[in-house]
Amino acid sequence: MSACVPTRHDHTSRSWRQSNGPGIKRPHSPPPPRRGGRFRIAGADLSASITVFLIAVPMSLGLAVAMDAPLEAGLVAAAVGGIAAGLLGGTLLQVSGPSAGLTVVTAELIQIYGWRTTCAITIGAGLLQMLLGAARAARSALAVSPAIVHGTLAGIGVAIALAQLHIVLGGSPQSSTIDNALALPAQLDRITPAAPLIGGLTIAILMAWPRLPGRIGRAVRRIPAALASVAIATAVAAVAAPGIARVDLPSWRSHALPELPQGPVLALATAVFTVTLVASLESLLAAVAVDKLTTDRAGRQGAEPSAPAAPPVRRSDLDRELRGQGISNVLSGLLGGLPVSGGAVRSSANVRAGATGRASTVLHGVWVLLAAGLLVTALEWIPLAALAALVMMVGIQMVSFAHIRNVHKHREFPVYGATITAVVLFGVLRGVVIGVAVAVVIALHRLARTRITVTDRGEQHLVIVRGQLTFLAVPRLSRTLGRIPQGIDVVVELDGFFMDHAAYETIQDWSNAQTAQGGRVIFTGRSGGRIAEPDSAAHSCCRPWTPWRNHHCHDRPEPASVHHGRGTRADVGDGQHHATAITADPSPGTTDTTAADTMIDVTRNPTTSTSAAAPATEPVPGTPSSSTPPAAPRRTGAHRLVSGLSSFQRNTAPLVREELARLAREGQRPSQLFITCADSRLVTSMITASGPGDLFTVRNVGNLVPPPGAEAGDDSVGAAIEYAVEVLQVESITVCGHSGCGAMQALLGAKPDNPQTSLWRWLRHGLPSLERMTSRHRAWARISGRLPEDAVEQLCLTNVVQQLDHLRAHESVARRLAEGTLQLHGMYFHVGEAQAYLLTEGASAGACLDEVFDHVGPGDPSGSGELECTSA
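Residues numbered from 1 in each chain as written. Predicted model: local features only at pLDDT ≥ 70, side-chain atom pairs only at ≥ 80, totals over all residues. Heavy atoms only, no water.

Asker: Could you clarify how one ought to interpret the overall build of the chain in this entry?
Answerer: Along its length, the chain carries 32 helices and 13 strands. For the chain, the residues scored as buried account for 50% of the 872 residues in total. The contacts in the chain between residues at least 6 apart in sequence include a share of 76% that link residues at least 24 apart. Of the roughly 40700 Å² of accessible surface on the chain, 59% is carried by carbon and sulfur atoms. (Helix = DSSP H or I, 4+ residues; strand = E, 2+ residues; numbered from the N terminus. Buried < 20%, exposed > 50% of the residue type's maximum accessible area, 1.4 Å probe, protein only. Contact = heavy atoms within 4.5 Å. Areas by Shrake-Rupley, 256 points an atom, 1.4 Å probe, with all protein chains shown as cover.)

Asker: Which parts of the structure should I look at to understand the sheet that holds strand β5 (residues 489-495)?
Answerer: Read across the open sheet, the 4 strands follow the order β3-β4-β5-β6; overall the sheet is mixed. For this open sheet the edge positions go to β3 (450-456) and β6 (521-524), each flanked by a neighbour on one side alone. Adjacent strand axes in the sheet meet at a mean angle of 15 degrees, parallel and antiparallel pairs treated alike. Looking at chain direction, strand β4 (residues 460-467) and β5 are connected through 7 bridges and run parallel. Looking at β5, one finds that Arg466 is bridged to Asp495. Relative to β6, helix α22 (residues 501-516) is tilted by about 145 degrees, and along the sheet it contacts β5 and β6. (Pairing = 2+ DSSP bridges. Axes fitted to C-alpha atoms, helices over the stretch in contact; angles between N-to-C directions.)

Asker: Is there a simple way to explain the sheet that holds strand β11 (residues 823-830) in this structure?
Answerer: The pairing of strands in a sheet happens through backbone hydrogen bonds and is either parallel or antiparallel. The strand order across the open sheet formed by 7 strands is β8-β7-β9-β11-β12-β13-β10, and the pairing between neighbours is mixed. The open sheet terminates on both sides in strands that have one partner only, identified here as β8 (695-700) and β10 (782-783). As defined by bridge partners, β11 adjoins strand β12 (residues 835-839) across 4 bridges and the pair is classed as antiparallel. Directly across from Phe829, in β12, lies its bridge partner Ala836. In this fold helix α26 (residues 715-727) packs onto β7 (672-677), β8 and β9 (732-738), with an angle of close to 170 degrees to the strand it touches most, β8. Its contacts with the sheet put helix α30 (residues 791-808) on β7, β9, β10, β11, β12 and β13 (852-855), and the angle it makes with β11 is roughly 160 degrees.

Asker: Would you mind showing me how to read the pairing of β5 here?
Answerer: Consecutive side chains along a regular strand alternate between the two faces of the sheet. Counting buried positions along β5 yields 6 of 7 residues, so the element is predominantly enclosed. Handedness of the β4-helix α21 (residues 474-482)-β5 crossover: right-handed. (Right-handed = clockwise from strand over helix to strand, strands pointing away.)

Asker: Mind showing me how you'd approach helix α31 (residues 811-819) here?
Answerer: Working note: α-helix, 3.6 residues per turn, so residues spaced by three or four point in the same direction. Residues of α31 that are buried include every one of Ser812, Val813 and Arg816, and no others. The arc that holds the buried residues of α31, viewed along the axis, is 100 degrees, so those residues lie on one side. What points out from α31, more than 90 degrees from its buried face, is the exposed set Glu811 and Ala818. Contact partners of the buried residues in α31: α26, β9, α30 and β11. Positive backbone phi, at 80 degrees, marks Gly820, one or two positions downstream of α31. (Arc of directions from axis to C-beta.)

Asker: What exactly am I supposed to notice about the pairing of β13 here?
Answerer: Alignment of β10 against β13, held across 2 bridges, turns out to be parallel. Bridge assignment links Arg782 to a residue of β13, and that residue is Val852. Of the strand pairs in this sheet, β12 and β13 are connected by 3 bridges, and their pairing is antiparallel. Each bridged residue has a counterpart across the sheet, and for Leu838 the counterpart in β13 is Asp854.

Asker: Help me out: how do you make sense of the packing of aromatic side chains in this one?
Answerer: Note on aromatic pairs: each is described by the distance of the centres and the angle between the planes. Using the criterion set out here, one finds 3 aromatic pairs in the structure. With centroids separated by 6.3 Å and ring planes inclined at 40 degrees, the aromatic side chains of Tyr828 and Tyr837 adopt a geometry described as tilted. What makes Tyr837 buried here is its relative accessible area of 5%. (Phe/Tyr/Trp six-rings, centres within 6.5 Å; stacked < 30°, edge-to-face > 60°.)

Asker: Even after reading the chapter, I still don't get unusual backbone geometry, so can you show me in this structure?
Answerer: Negative phi characterises most residues that are not glycine, and trans characterises most peptide bonds. One non-glycine residue, Asn703, lies in the positive phi region at around 40 degrees. If you trace the backbone, Asn703 turns up in the loop between β8 and α26. Among the residues examined, Asn703 registers a relative accessible area of 1% and is labelled buried. Positive phi is not limited to glycine here, since Gln729 has a value of about 55 degrees. Here Gln729 shows up in the loop between α26 and β9. On the accessibility criterion, Gln729 (43% relative accessible area) is partly exposed.

Asker: Just to check I follow, could you spell out the environment of Leu132 for this structure?
Answerer: Looking at where Leu132 falls in the secondary structure, it is placed in helix α4 (residues 115-134). Owing to a relative accessible area of 32%, Leu132 belongs among the partly exposed residues under this scheme.

Asker: Is there a simple way to think about the pattern of salt bridges in this case?
Answerer: When their charged atoms lie close together, side chains carrying opposite charge are able to pair. Taken as a whole and judged by the stated rule, the model has 12 salt bridges. Where Arg466 meets Glu493, a salt bridge forms, and the shortest distance between an N and an O atom there is 3.0 Å. Remark: Glu493 occurs in strand β5 and Arg466 occurs in strand β4; sequence separation between them is 27 residues. Taken together, the shared-partner salt bridges connect Glu659, Arg662, Glu666 and Arg669 into one network. (Salt bridge = Lys/Arg side-chain N within 4 Å of Asp/Glu carboxyl O.)

Asker: Where do I start with helix α13 (residues 318-334) in this structure?
Answerer: Relative to the 24 Å expected for 17 residues at 1.5 Å per residue, α13 spans 24 Å between its end C-alpha atoms, a close match to the ideal helical length. Judged by how many residues are buried, α13 sits mostly within the fold: 13 of 17 residues are covered. Of the residues trailing α13, Gly336 is marked for its positive phi of about 80 degrees. (Expected span 1.5 Å × (residues − 1).)

Asker: What exactly am I supposed to notice about the state of the cysteines here?
Answerer: All chains considered together, the criterion is met by 0 disulfides. Free of any disulfide, Cys677 has its nearest neighbouring cysteine sulfur in Cys741, separated by 4.1 Å. (Disulfide = S-S within 2.5 Å.)

Asker: How should I be thinking about the confidence of the model for the chain in this particular structure?
Answerer: Residues shown with low pLDDT carry predicted positions that ought not to be read at fine detail. Per-residue confidence for the chain gives a mean pLDDT of 76, with 77% of residues at or over 70. Contacts of residues 1-37 to residues separated by more than four positions or lying in other chains number 59 contacts, the stretch itself having pLDDT below 50. Every residue in residues 862-872 is under pLDDT 50, and counting partners more than four places away or in other chains gives 30 contacts. (pLDDT = per-residue confidence, 0-100.)

Asker: What's the story with the packing of α4 against α13 in this structure? I'm lost.
Answerer: Two packed helices can be described by the angle between their axes and the distance between those axes. Following both chains from N to C, one finds α4 and α13 inclined at 160 degrees, their axes separated by 7 Å at the closest point. Classified by the interaxial angle, the pair formed by α4 and α13 is roughly antiparallel. As α4 runs across α13, the sense of the crossing is left-handed. Facing Cys119, Thr122, Ile123, Gly126, Leu127, Gln129, Met130, Leu132, Gly133 and Ala134 of α4, the residues of α13 in contact are Asp319, Leu322, Arg323, Gln325, Gly326, Ile327, Asn329, Val330, Gly333 and Leu334. Its residues placed into classes, the contact of α4 with α13 shows 10 nonpolar, 8 polar and 2 charged. (Parallel < 35°, antiparallel > 145°, perpendicular 65-115°, else oblique. Left-handed = near helix turned anticlockwise from the far one by under 90°. Nonpolar A, V, L, I, M, F, W, Y, C, P; charged D, E, K, R; others polar.)

Asker: Would you take a moment to explain a nonpolar patch on the surface for this structure?
Answerer: Nonpolar side chains collect at one region of the surface, where Ile178, Leu182, Leu425, Phe426 and Ile434 lie side by side and expose about 460 Å² of accessible area between them. Listed by contribution, the elements that provide at least two residues to the nonpolar patch are α7 (177-182) and α19 (413-426). In this structure, Ile434 sits in helix α20 (residues 428-448). (Patch = residues over 30% accessible without salt bridge, like charges linked within 9 Å, V, L, I, M, F, W, Y side chains within 5 Å.)

Asker: Would you mind going over the nonpolar core with me for this structure?
Answerer: Soluble globular proteins tend to pack their nonpolar side chains together in the buried interior. Formed by 75 residues in total, the largest nonpolar core has its most connected members in Leu61, Ile121, Leu338 and Val368. When residues of this core are assigned to their parent elements, the largest contribution, 10 residues, is made by helix α1 (residues 43-67). Other than its neighbours up to four places away in sequence, Val368 contacts Phe53, Ala56, Val57, Leu75, Ala78 and Ala79. Counting residues in each nonpolar core, the second largest holds 43 residues, with Ile675, Leu728, Leu747 and Leu797 among its members. (Core = buried A, V, L, I, M, F, W, Y, C linked by side-chain atoms within 4.5 Å.)

Asker: Honestly, the side chain of Thr152 in this entry has me stumped. Any pointers?
Answerer: Relative to the elements of secondary structure, Thr152 occurs in helix α6 (residues 146-168). What makes Thr152 buried here is its relative accessible area of 8%. Setting aside its immediate chain neighbours within four residues, Thr152 contacts Thr419, Val423, Val428 and Val432.

Asker: So what exactly am I meant to see when it comes to the packing of α6 against α19 here?
Answerer: Two numbers describe how α6 lies on α19: the axes approach to 8 Å, and their chain directions differ by 35 degrees. Relative to α19, the crossing made by α6 is right-handed. Between α6 and α19, the contacting residues are Ala147, Ile148, His150, Gly151, Thr152, Ala154, Gly155, Ile156 and Val158 on the first element and Val415, Tyr416, Thr419, Ile420, Val423 and Val424 on the second.

As structure tokens, then:
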């Protein structure tokens, strides 16, 4: 994507807006129409194709060695994958070739059926992929749990690493992963020094090559690490170990082609399905990853002032990609090549090398084809131990600790662990089936697991419900509620995010009966805040706990009368705040299902004080009558203040009095220090869904944090930080910026001769943010998936990152960070969109080059817990 870049000159926001020209991809937009014309080769594509070629040749030979397949079969697969999949696939920059994910499967097929039948199985898998692509099943394949996919790939990686370790040690791999593990002690007993030394040298170069320092290191790193490691190992082996086992490329005249498959039909069909499953999942996941890498690259290029315009970003057509992979597998099988799939290693190298279109992928296949015919003598100098070490590192990298942390955060590690174990023990297909079975069992267990406890407090009973309330929990719920004496006060604490209709009716009927006997039933969340059923939005004006919604309602005149009665609705004057409690008689026009849904929605965040209600035995406010008087003119000044205070005392204070009394007794124990701007549009309790006692808030113009010891520093902010960190022992500190910040606008328009007023003396603490934004030596802060709207938004994002740096300079903060007892978070709130963005964890900790603010969606209850700092 193309973008303008802020400079020291004045620019209007219009000059910052992204072009809507053809080919430019907006987030979540459909792919732009394909342009006609001839096949074009750009200079960037030519150089990128050479880079990918230099990676693909040793990788293809190494995978062929790992599968115990003819070595030329790896070159055939690389050439076919590059040319056929590059021309026909749906992902412009994805590079296809021999599949690391299919290493174990192919090796087993070769051992059972032989090479020629394996080629026929590859053809069958390609035909099935073409059929699935024509049926538009690609998106459905991505519905498989990520824990199962990553567990499968990790299990394959373990199997690859164990098998190739034997070759690195100078031996031969066994037929299964378990046999390879059991045979390691014997292999170590008969180890020879040549192969391990060459393999160790290859691994050392692979790990050290990307970390070479200095200007020379930057120049040398342009050579791919895979090529450098294999080339150096080959040169060393030629001098130090001339008798080591090397690549043996047979004559192309003896190249084996496929034959009609022979064997049980069911077993052959299972083999075809297994190859299809693994190859398709690996290709589709790689295509999604390539889209992300391409978008990130475009964002970085657009943020560089001197960079040329980034090429248009086109989203992958996954169904077309699946068809292209199928055609490639058919051709590869017919020509005696390995199974083909999209590769993450080759594709990421293609994107980073600057490729702009299909030409780089196709040319890489052409270079492989030429090398297979012209460089046979040079390839035969490569030691097998070097190729085995290269593939072993690929297998180790398939066990991603980032994926393990991610599935652990989502409580899906049992699925991941079961899948990887089953793949290692029983093979890929059975491992996937076992992983799916474990995922289904865990999902049913979580859905059905509900703990219900009753505590007798004398005159009051406490019922605690932990988990989801479904029809499966109704019998136990009914028995537990039935044992509670009738006519007494009961507090029901609901800690779950789902309640179906059967469970709601059970609670509703029991609540009605308890209320009819003179008891009082209060429904709360986990924190003790009362839960209500807010009436539908069409019948509400203001709610007591959300004075920011239609918050001028208290300026309206009061209705003439107020009626109260059990099971009826009443108009509440001066504000017409309405909340519906669980009552004996649901109001006409409101079904139990709607009521249940609204109550469940509030229960999702029980600590949020955004919707509360009176007990079930109290009068129930309802919808305003049709004869509501017209709104009076708004009050101003002191009248508005008094009116708002009066509305709070009448509608909200009765609901929060108990909670505030508890806080008054126990003192404040906030978990967060929240530093944000004094802008009146920023309501911290609203956007963080927090209540009294949750946030220790510091507000100032521009959400600035003066560094300690700064000239004309501000002790007020420093004192608040010290008090929050040392005395209150907060667990995290958040610096929150926002869109349209007036302080940032003032900084952009600052001039040397500005008068030294109090405001300008304060804004001097924001000058480091302005310098950071205009510096060419720092990464640009940005929002994931899009460019900044204008220079003001760019400075707002950069200012958050800069103030986090100032925070780390405070002694108390630095000490707690070193102890691991404090976390820093960066946040950006777009006022017009009502959308929050969180700085990725690595950037918040100061350990990541990419300063990216990620979108926080409504389905992410853990906020930034899932965000990770990843290198594109």
